[in-house]
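Chain residues, written in single-letter form:
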Amino acid sequence: MVPEPALSSSTYAIGRPSVSIVIPAYNEESVIRQCVTAAIYQSVPALEIIVVDNLSTDATAEIVGQLQQEYPEAGIRLLSQNAEQGLIPTRNFGLDAAQGDIIGRIDADSLLEPDWVEEVIWAFADPTVQAATGPVVYYDMPMRRFGLKADDKVRQLMLRLARHQYHFLFGSNMAMRKSAWEKIRGEVCLDENDEMHEDIDLSLHLAEHDMRIQYWPEMVSGMSARRLEDSPRDYRYYVTRFDRTYKAHNVKKIALKAPMVVFFSIYFPAKLLRALHTANSSSPVKRAGIG
């Protein structure tokens, strides 16, 4: 892909679509500051950064309030979704509140690359694109840049295996037009039993309306590999959410089993790498001549 010229704040303001960033959060005091800070320090600023607090019992809301005071120009909005516990109602609350032409959605442990908003704008330069997603770099794993390349290759492989019929959004790194969200808003599954992948559900609802989802490799977000801390049983339940989401949409294409196969195959090697990385990171550094 030919590199695009850098966007400036002035051209963004007068001729580019505005971008909102929505961050659902539940008890995320350990990561929310770095997540919001990364969303602030962008080559092209977001119109707003919306943190939706969902009944947190820790200091999540207080930390966001501090950031509002520290960065009054950043358009940080702290909303509370107290009606019910859960990612989907919290996500929906934030998407409904967003005022931008394009709504980005990330997780509270996401760390956006400094040009993320800029790349989102380029991803939507084609008016036929209704949603976009990109690869992630696991910032708490070793060989991060190699991992980013591997993640990109795996996601492109899954697209090919699905014969490019289904382009799945990735909840930690996705965006959609506000008009697309308004189109599917009343149809998305609420998943009261918490059995599905909410981002895959969004993707399938968009596909049902023939709305185009684009994979944009330059739209990069960092995320934690903390999912690998799950037990094999819990990880299996997480991966088989794909099947339950497909069944809810009566999708039976065998090619769509590919993501499950990929995620199952990487669990134990990636878990070992993470454990070694964690052990090395936490080991005390020996001083010369001591011990």
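What you are looking at is a predicted structure, and each value in this text was computed from that prediction instead of being measured.

Colleague: Can you explain the overall build of the chain? Please cite residues and give values.
Modeller: Secondary structure summary: the chain contains eleven helices and ten strands in total. The buried share of the chain, reckoned over its 291 residues, is 51%. For the chain, contacts bridging at least 24 residues in sequence account for 83% of all contacts bridging at least 6. Carbon and sulfur atoms form 55% of the exposed surface of the chain, whose accessible area is close to 14,700 Å².

Colleague: I'd like to hear about the nonpolar core, residue by residue, with values.
Modeller: In this structure, Ile21, Ile23, Ile32 and Val36 are the most contacted members of the largest nonpolar core, which totals 36 residues. Elements with a contribution of two residues or more to this core: β1 (19-25), α2 (32-40), β2 (48-53), α3 (60-70), α5 (116-123) and β6 (129-133). It is α5 that contributes the most residues to this core, six residues altogether. When neighbours within four sequence positions are excluded, Ile23 is seen to be in contact with Ile32, Cys35, Val36, Ile49, Ile50, Val51, Val52, Ile106, Asp107 and Ala108.

Colleague: Please set out the sheet that holds strand β5 (residues 111-112) residue by residue, giving values where relevant.
Modeller: Hydrogen bonds between backbone atoms are what pair the strands of a sheet, whose relative direction is either parallel or antiparallel. Across the sheet, which stays open at both edges, the three strands sit in the order β5-β10-β7 with mixed pairing between neighbours. A strand with exactly one partner marks an edge of an open sheet, and here the two such strands are β5 and β7 (136-138).

Colleague: I'd like a rundown of the packing of α2 against α3, residues and numbers included.
Modeller: Interaxial distance between α2 and α3 falls to 9 Å at its minimum, and their mutual angle equals 30°. Two packed elements cross with a definite hand, and for α2 against α3 that hand is right-handed. Each of Ile32, Arg33, Val36 and Thr37 in α2 lies in contact with α3, whose residues at this interface are Thr60, Ile63, Val64, Gln66, Leu67 and Glu70. Here the residues of the contact of α2 with α3 sort into five nonpolar, three polar and two charged.

Colleague: So what's going on with the pairing of β1? Which residues, and what values?
Modeller: Within β1, seven of the seven residues are buried, leaving the element largely enclosed by the surrounding structure. Side-chain alternation along β1 places Val19, Ile21, Ile23 and Ala25 on one buried face and Ser20, Val22 and Pro24 on a second face that is also buried. By the bridge criterion, four bridges tie β1 to strand β4 (residues 102-105) in an arrangement that is parallel. Residue pairing for β4: Val19 is matched across the bridge by Ile102. With α2 bridging β1 and the parallel β2, this β-α-β connection has right-handed handedness.

Colleague: Account for the environment of Asp194, naming residues and giving values.
Modeller: As for its position among the elements, Asp194 is in the loop between α7 (178-184) and α8 (198-208). Overall, Asp194 belongs to the partly exposed group, its relative accessible area being 45%. C-alpha of Asp194 to C-alpha of Gly86: the two residues are 108 residues apart in sequence and 8.4 Å apart in space. Beyond its immediate sequence surroundings of up to four residues, Asp194 is in contact with Tyr237 and Arg241.

Colleague: Talk me through the pattern of salt bridges; I want residue IDs and the actual numbers.
Modeller: For the structure shown, the criterion picks out nine salt bridges. A salt bridge links Lys178 to Glu182; the nearest nitrogen and oxygen atoms lie 3.9 Å apart. A residue pair is termed a helical-turn pair when its members lie 3 or 4 positions apart in one helix, as Lys178 and Glu182 do in helix α7 at four residues. The structure contains a network of salt bridges with shared partners spanning Arg91, Arg105, Asp107 and Glu198.

Colleague: Report on the confidence of the model for the chain, specifying residues and quantitative values.
Modeller: Taken residue by residue, the chain gives an average pLDDT of 85. The fraction at 70 or more is 87%. This stretch, residues 1-12, has a pLDDT under 50; its non-local contacts, to residues over four places away or in other chains, come to 21 contacts. Here residues 283-291 is modelled with pLDDT under 50, and outside its nearest four sequence neighbours on either side it reaches one contact, counting other chains as well.

Colleague: Lay out the sheet that holds β1 with the relevant residues and their values.
Modeller: The mixed open sheet is built from seven strands, whose spatial order is β3-β2-β1-β4-β8-β6-β9. Looking at which strands have only one partner, the edges of the open sheet turn out to be β3 (76-80) and β9 (212-215). With strand direction ignored, the average angle separating the axes of adjacent strands in the sheet is 25°. In this structure, β6 lies alongside β9, joined through four bridges in parallel fashion. Following the sheet pairing, Val129 is matched in β9 by Arg212.

Colleague: Residue-level account of the packing of aromatic side chains, with values.
Modeller: Across all of its chains, the model carries four aromatic pairs by this definition. Between Tyr41 and Tyr71, the ring centres sit 5.9 Å apart and the planes meet at 90°, which makes this aromatic pair edge-to-face. Remark: Tyr71 occurs in the loop between α3 and β3 and Tyr41 occurs in the loop between α2 and β2; sequence separation between them is 30 residues. Aromatic pair Phe168 and Tyr246: ring centres 6.2 Å apart, planes at 25°, arrangement stacked. Of this pair, Phe168 sits in the loop between α6 (144-161) and β8 (174-177) while Tyr246 sits in helix α10 (residues 241-248), and the two are 78 residues apart along the sequence. Across the pair, exposure class does not vary: Phe168 and Tyr246 are buried alike. Following the ring pairs from residue to residue traces out a cluster consisting of Phe168, Phe242 and Tyr246. Directly above the aromatic system of Trp122 lies the positively charged group of Arg16, at a separation of 4.6 Å from the ring centroid. Positioned over the ring face of Tyr237 is Arg244, at 4.1 Å from the centre of the ring.

Cut-offs and rules
Residues numbered from 1 in each chain as written. Predicted model: local features only at pLDDT ≥ 70, side-chain atom pairs only at ≥ 80, totals over all residues. Heavy atoms only, no water. Helix = DSSP H or I, 4+ residues; strand = E, 2+ residues; numbered from the N terminus. Buried < 20%, exposed > 50% of the residue type's maximum accessible area, 1.4 Å probe, protein only. Contact = heavy atoms within 4.5 Å. Areas by Shrake-Rupley, 256 points an atom, 1.4 Å probe, with all protein chains shown as cover. Core = buried A, V, L, I, M, F, W, Y, C linked by side-chain atoms within 4.5 Å. Pairing = 2+ DSSP bridges. Axes fitted to C-alpha atoms, helices over the stretch in contact; angles between N-to-C directions. Left-handed = near helix turned anticlockwise from the far one by under 90°. Nonpolar A, V, L, I, M, F, W, Y, C, P; charged D, E, K, R; others polar. Right-handed = clockwise from strand over helix to strand, strands pointing away. Salt bridge = Lys/Arg side-chain N within 4 Å of Asp/Glu carboxyl O. pLDDT = per-residue confidence, 0-100. Phe/Tyr/Trp six-rings, centres within 6.5 Å; stacked < 30°, edge-to-face > 60°. Lys NZ or Arg CZ within 6 Å of the ring centre and 35° of its normal.

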